[in-house]
Amino acid sequence: MTWGEILIQGTKQLKQADIASPNLDASLLLAHILGVSREHLLIHGDRALKPDEIPRFFGLVSRRIAGESIAYLTGYKEFWGLSFQVSPAVLVPRPDTEILVEAVLSFLQGQSLNEGQSSKRSQKPEDNKVYPGDRASGGRSLLDLCTGSGAVAIALKSACPGLEVFAADISAPALEIARANARRLLSGGQSLHEGQSITFYLSDLYDNIPGIFDIVVSNPPYIPSEALADLPGEVQREPRIALDGGRDGLELIEKIISGGRSRLTSGGRLFLEADSGQMAAIALILEKQGFQNILIYKDLAGLERVVSGKRNE
Ligand code: GLN
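Everything numeric here is computed off the predicted structure, so don't read it as measured data. (Residues numbered from 1 in each chain as written. Predicted model: local features only at pLDDT ≥ 70, side-chain atom pairs only at ≥ 80, totals over all residues. Heavy atoms only, no water.)

Novice: Just to check I follow, could you spell out the sheet that holds strand 4 (residues 164-169) for this structure?
Specialist: Reading across the sheet, the 7 strands line up as 5-4-3-6-7-9-8 and stay open at both edges, with mixed pairing between neighbours. Whereas interior strands pair on both sides, the edge strands pair on one side only; in this sheet they are strand 5 (198-202) and strand 8 (291-298). On average, each strand axis in the sheet is tilted by 15° relative to the strand beside it, whichever way the strands run. For strand 6 (residues 213-218) and strand 7 (residues 264-273), the ladder comprises 5 bridges, and the chain directions are parallel. By the bridge assignment, Val217 is partnered in strand 7 with Phe271. Lying on the sheet, helix 6 (residues 98-108) is in contact with strand 3 (141-145), strand 6, strand 7, strand 8 and strand 9 (304-311); it crosses strand 7 at an angle near 155°. Each of strand 4 and strand 5 is contacted by helix 9 (residues 172-187), which is oriented at about 175° to strand 5, the strand it contacts most. (Pairing = 2+ DSSP bridges. Helix = DSSP H or I, 4+ residues; strand = E, 2+ residues; numbered from the N terminus. Axes fitted to C-alpha atoms, helices over the stretch in contact; angles between N-to-C directions. Contact = heavy atoms within 4.5 Å.)

Following this line, the structure appears as structure tokens:
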């Protein structure tokens, strides 16, 4: 059987099972099994499969039909043009979370987006080149809480190598993945000196982390506990600890904001991802805690997804 033929069969099985993007999913799974890029796979459809590749491919197709995500099946997910290792120990990085990265970059560059204004997409370095705003980030420090796979911290460090980046998670298995991602994605194959990489902490929010920071950023768990049971099957397979935000979804967000007062430099800024329905409540908490100049950033669907506030000077 050829690459092209098995792709057609896999696509058909996924389509019959009502998988939303059968063609894309089949090609991602086959490219993973073959160890080639999707582009390479599509160009060389007439190549013959090795015998063991056939059952391995259909095994993954069955698991996809049973509800596992492509990210967990292949062990990788693209975020900010970088390929992150993922496992069921971490939340799969979402495209919308790139807004969190962009909001921090626009702050570093000295731009502040107007409230409610959608952030520009032009800043994303398609070829992973260093972000031009890096000049402005030299010597500044950033702490990423609930880092998970390390996606936000690593995207920011790769865009701004001059930024001193610290990242923390309460989960030891998640931190192992974040460290592996940092080693692979930030080194370009070289061994890194101190300052060229990220300092990781196993920590419940700020608990084990010393010092103060110019920026605190987090995509914390923010789904209300009672809403967890209604999430789609793929999300249900993600770590509950990465999703469960307590009674109204705001438990961790409240702690991050109140702790941020003593962990941010004067004039430093706190950035949080949350659900659009939570933005008004979060803006109020930020105000009550003395944060100023509160900004809200919209995601790709036009929903309010990120909020930031400046620690009073
Ligand atoms: N945006 C995620 C979702 O829709 C939630 C992630 C989180 O709680 N941080 O599943």
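Next, the rest of the story.
Novice: What should I look at first to understand helix 4 (residues 53-65) in this one?
Specialist: Since one α-helical turn is 3.6 residues long, residues separated by three or four positions face the same way. The first and last C-alpha atoms of helix 4 sit 18 Å apart over 13 residues, in line with the 18 Å expected at 1.5 Å per residue. The inward-facing, buried residues of helix 4 contact helix 1 (3-16), helix 2 (22-34), helix 5 (70-74) and helix 10 (233-236). Once helix 4 ends, the next one or two residues include Gly67, with phi positive near 115°. (Expected span 1.5 Å × (residues − 1).)

Novice: How do you make sense of the site of the ligand when you look at a structure like this?
Specialist: Near the ligand, the surroundings consist of Leu91, Arg94, Asn219, Pro220, Pro221, Tyr222, Ile223, Val235, Ala242, Leu243 and Glu273. One of the backbone N or O atoms of Pro220 is found 2.7 Å from a nitrogen atom in the ligand. Contact with the protein chains removes 83% of the 300 Å² of surface that the ligand exposes when unbound. Of the residues in the shell around the ligand, the class split is 8 nonpolar, 1 polar and 2 charged. (Near = heavy atom within 4 Å. Polar contact = N/O pair within 3.5 Å; in protein donor to acceptor, adjacent residues only side chain to side chain. Areas by Shrake-Rupley, 256 points an atom, 1.4 Å probe, with all protein chains shown as cover. Nonpolar A, V, L, I, M, F, W, Y, C, P; charged D, E, K, R; others polar.)

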